[in-house]
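Here is what each chain is made of, one letter per residue.
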Amino acid sequence: MSAATADEKMIKGHPGKEFFRFAGPAVLGLIAIASAGIIDGIFVGKFVGAHALAALSLINPMFSLFFGVVVMLTVGAAVMAGKFIGEKRPRDASNIFVKAMICVLTFASFFAALLIVFTPLAARALGADAQTAEMVETYIYTVAWFLPGLGLAAAFSHFLRVDGRPNFSLSGMVLITISNILLDTWMIGYLDWGVWGAAFATGLSAQIGLLFMLTHFMHKQAKLRFARPTGSWREMYTAAYNGLSEFINESSGGIIVFMFNWILISEIGADGVAAFTIVNYLFFTGIMVFYGVSEGLGPLVSVNFGARKPRRIYQFFSLAVGTNFGVGLVLVCLLVFQPTLLAGAFLGKESESTVLLTIEIISVIWPVFLFNGVNIAFSGYFTGMHCAAQSAMIAMSRSLVLPLILIFALWFLTGPMSVFYALPVAEALTLAISVSLFMKKKPQLVLWQNRAKARSSV
């Protein structure tokens, strides 16, 4: 398929086919990313034990902060590049692409250097205790050397979709997953390298996927190409602001996980953290599906926004909301009817008490999937429409402000296990906010407002 044909299909192709052409690979790609962490968890839980699984959970907030900044820079810049492509301005699209890559590489290198120099301090800050400190430090120090490649691999996957190659992005993510499975099997299951093996496998598999995805941008059919950046770098501030909601989604999730870990390790101990780790893996898998649909929606919305196609934007948005709600219902059924099977996949029979604790948490948290997928679709729509404030408000409400308020209120009023009610209640309240914001920022209204601003500035 030629580049011109790919652009034409995004603007004029059948909405359902185009939506699933972008959302399908995005979902599968993010599931591939999620499965890498889940596979680590399964191998570590089965071969090393519950405390090692708890150590992996303590590290999650660090990854959330790191990928939050990467996604903020990448998604905001990708939306701008998509709009430029829709306006037939490939040079401007390539310019923002290169600047985003430079920013991601600079940040990732700086973040990695801090972790390498201050590994023990980072482990203590993440809540590691005497049972988990050594394992947490080992994982942090090992994976830090791979963070620049991890950041670039995540960034490339976003720009590949904007460049009309969603399946190539998916292939890169699947390659990372397969590599991680094989390396985990060898390093943890066969060589018995434990937590160090899990970290090394995660980092090395990402570099393999990075090299594969890099080949697209060297090809003649790529619209986004490497070139010397020109013009003001202030547009990266605009990109970061537009991607602010994605940063909030990623990093605030880490803050919430940190709060849960802190409460559980102080009230119950490492077994409580291990139980929450399993629930978080299940929760993270569902979230990745929803974000995949949202990321598939983003390029379609941004390109049609540039081409001034409000009806098609609304069609794509409706498909995203319907898809996420349907997937949420499936996940609810699995959690309600098969909690023992899901919990037992991560731990052996010797950890029966942890499995029972996991099932208890699942019985509280399952309603969250009735709401969070729809909220994420709303947030993705607003990002694609360059309505950064609305997208950030949804992200802040569902993943930071409301959960934190509810966590502390429930903890002090009724005890540690009740804090898990905070997530479904926060998502339900956020849905009301999302609908209210959408009524004021429908596609045709945003385009009309932009045209009015353009006329008034002339």
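Structure: above.
Since we're looking at a predicted model, the values are computed, not measured. (Residues numbered from 1 in each chain as written. Predicted model: local features only at pLDDT ≥ 70, side-chain atom pairs only at ≥ 80, totals over all residues. Heavy atoms only, no water.)

A. Representation of the overall build of the chain in the model. Across its full length, the chain holds 19 helices and zero strands. Dimensions of the chain along its principal axes, counting C-alpha atoms only, are 70 × 45 × 35 Å. Of the contacts made within the chain by residues no fewer than 6 positions apart, 82% connect residues no fewer than 24 positions apart. As presented, the chain carries roughly 18,300 Å² of accessible surface, and 69% of it is formed by carbon and sulfur atoms. Side-chain charges of the chain comprise 30 positive and 22 negative groups, with the mean position of each set lying 22 Å from the other. (Helix = DSSP H or I, 4+ residues; strand = E, 2+ residues; numbered from the N terminus. Contact = heavy atoms within 4.5 Å. Areas by Shrake-Rupley, 256 points an atom, 1.4 Å probe, with all protein chains shown as cover. Lys, Arg positive; Asp, Glu negative; His and termini not counted. Charge placed at Lys NZ, Arg CZ, Asp CG, Glu CD.)

B. Molecular detail of the pattern of salt bridges. Under the definition given, this model contains six salt bridges. Residue Arg21 is joined to Glu18 by a salt bridge in which the shortest nitrogen-to-oxygen separation is 2.9 Å. Placement of the pair is Arg21 and Glu18 together in helix H2 (residues 15-47), with a separation of three residues, close to one helical turn. Among the residues examined, Glu18 registers a relative accessible area of 4% and is labelled buried. For the salt bridge of Glu427 with Arg398, the shortest nitrogen-to-oxygen distance reads 2.8 Å. Separated by 29 residues along the polypeptide, Glu427 in helix H18 (residues 422-440) and Arg398 in helix H17 (residues 388-414) bring together distant segments of the chain. (Salt bridge = Lys/Arg side-chain N within 4 Å of Asp/Glu carboxyl O. Buried < 20%, exposed > 50% of the residue type's maximum accessible area, 1.4 Å probe, protein only.)

C. The arrangement of helix H10 (residues 234-242) in detail. Where H10 is concerned, the buried positions are Glu235, Met236, Ala239, Ala240 and Asn242. Angular distribution of buried residues about the axis of H10 spans 165 degrees; they occupy a single face of the element. Pointing more than 90 degrees away from the buried face of H10 are the exposed residues Arg234 and Tyr237. (Arc of directions from axis to C-beta.)

D. Representation of the packing of aromatic side chains within the structure. Under the counting rule described, the total for this entry stands at 35 aromatic pairs. Geometrically, the ring pair formed by Phe260 and Phe420 is stacked, given 4.8 Å between the ring centres and 15 degrees between the ring planes. A residue pair is termed long-range when its members are at least 10 positions apart, and Phe260 in helix H11 (residues 244-267) and Phe420 in the loop between H17 and H18 qualify at 160 residues. This pair shows no difference in class: Phe260 is buried, exactly as Phe420 is. Aromatic ring contacts, followed pair by pair, group Phe63, Phe66, Phe67, Phe107, Phe111 and Tyr139 into a single cluster. (Phe/Tyr/Trp six-rings, centres within 6.5 Å; stacked < 30°, edge-to-face > 60°.)

E. Quick peek at the packing of helix H3 (residues 50-86) against H10. The N-to-C vectors of H3 and H10 enclose an angle of 105 degrees; their axes lie 7 Å apart at closest approach. Taken together, the axis directions place H3 and H10 in an arrangement best described as roughly perpendicular. Residues Met72, Leu73, Gly76, Ala77, Val79 and Met80 of H3 pack against Glu235, Met236, Thr238, Ala239, Ala240 and Asn242 of H10. (Axes fitted to C-alpha atoms, helices over the stretch in contact; angles between N-to-C directions. Parallel < 35°, antiparallel > 145°, perpendicular 65-115°, else oblique.)

F. Looking closely at the environment of Val355. You can see Val355 is positioned in helix H15 (residues 352-365). Placed 15 residues apart in sequence, Val355 and Thr340 show a C-alpha to C-alpha distance of 7.5 Å.

G. Up close: unusual backbone geometry. With a phi angle near 60 degrees, Asp192 is a residue other than glycine that sits in the positive phi range. Asp192 gets classed as exposed once you look at its relative accessible area, which sits at 57%.

H. Region of interest: the environment of Tyr139. On the secondary structure map, Tyr139 appears in helix H6 (residues 133-144). With 275 residues separating them in the primary sequence, Tyr139 and Thr414 have C-alpha atoms 35 Å apart. For Tyr139, the residues in contact, after removing those within four places along its chain, are Asp40, Leu56, Ile59, Phe63, Val195, Ala198, Ala199 and Thr202.

I. Region of interest: the nonpolar core. Judged by nonpolar contacts, the single largest core of 112 residues is most densely connected at Met62, Tyr139, Ile140, Phe159 and Phe420. Here the element with the most residues in this core is H3; it accounts for 21 residues. For Phe159, the residues in contact, after removing those within four places along its chain, are Thr74, Ala77, Ala78, Ala81, Phe97, Ala100, Met101, Phe217 and Leu224. By size, the runner-up hydrophobic cluster in this structure holds 28 residues, among which are Val27, Leu297, Val301 and Phe438. (Core = buried A, V, L, I, M, F, W, Y, C linked by side-chain atoms within 4.5 Å.)

J. View of a nonpolar patch on the surface. Residues Phe110, Leu114, Val117, Phe118 and Leu121 make up a contiguous nonpolar surface patch of roughly 510 Å² in combined accessible area. With three residues, helix H4 (residues 90-117) is the single largest residue contributor to the nonpolar patch. Looking at the element boundaries, Val117 is found in helix H4. When its relative accessible area of 58% is taken as the criterion, Val117 is described as exposed. (Patch = residues over 30% accessible without salt bridge, like charges linked within 9 Å, V, L, I, M, F, W, Y side chains within 5 Å.)

K. Seen up close, the packing of H3 against H6. Where H3 meets H6, the axes come as close as 9 Å, and the angle between the chain directions of the two elements is 45 degrees. Taken as axis vectors, H3 and H6 run oblique relative to one another. At the point where H3 passes H6, the crossing takes the right-handed sense. Of H6, the residues touching H3 (which contributes His51, Ala52, Ala55, Leu56, Leu58, Ile59, Met62 and Phe63) are Met135, Val136, Tyr139, Ile140 and Val143. A breakdown of the residues in the contact of H3 with H6 according to their chemical character gives 12 nonpolar, one polar and no charged. (Left-handed = near helix turned anticlockwise from the far one by under 90°. Nonpolar A, V, L, I, M, F, W, Y, C, P; charged D, E, K, R; others polar.)

L. A look at the environment of Ala307. With respect to the secondary-structure elements, Ala307 resides in the loop between helix H12 (270-306) and helix H13 (310-337). Judged by relative accessible area, which is 23%, Ala307 ranks as partly exposed. Sequence-wise, Ala307 and Pro367 are 60 residues apart; in three dimensions their C-alpha atoms are separated by 38 Å.

M. Spatial organisation of the side chain of Lys99. Within the secondary structure, Lys99 is located in helix H4. Engagement of the side chain of Lys99 in a polar contact is seen with the backbone oxygen of Thr230, the distance being 2.8 Å. The contact partners of Lys99, leaving out residues within four places of it in the chain, are Pro229, Thr230, Gly231, Ser232, Trp233, Glu235 and Met236. (Polar contact = N/O pair within 3.5 Å; in protein donor to acceptor, adjacent residues only side chain to side chain.)

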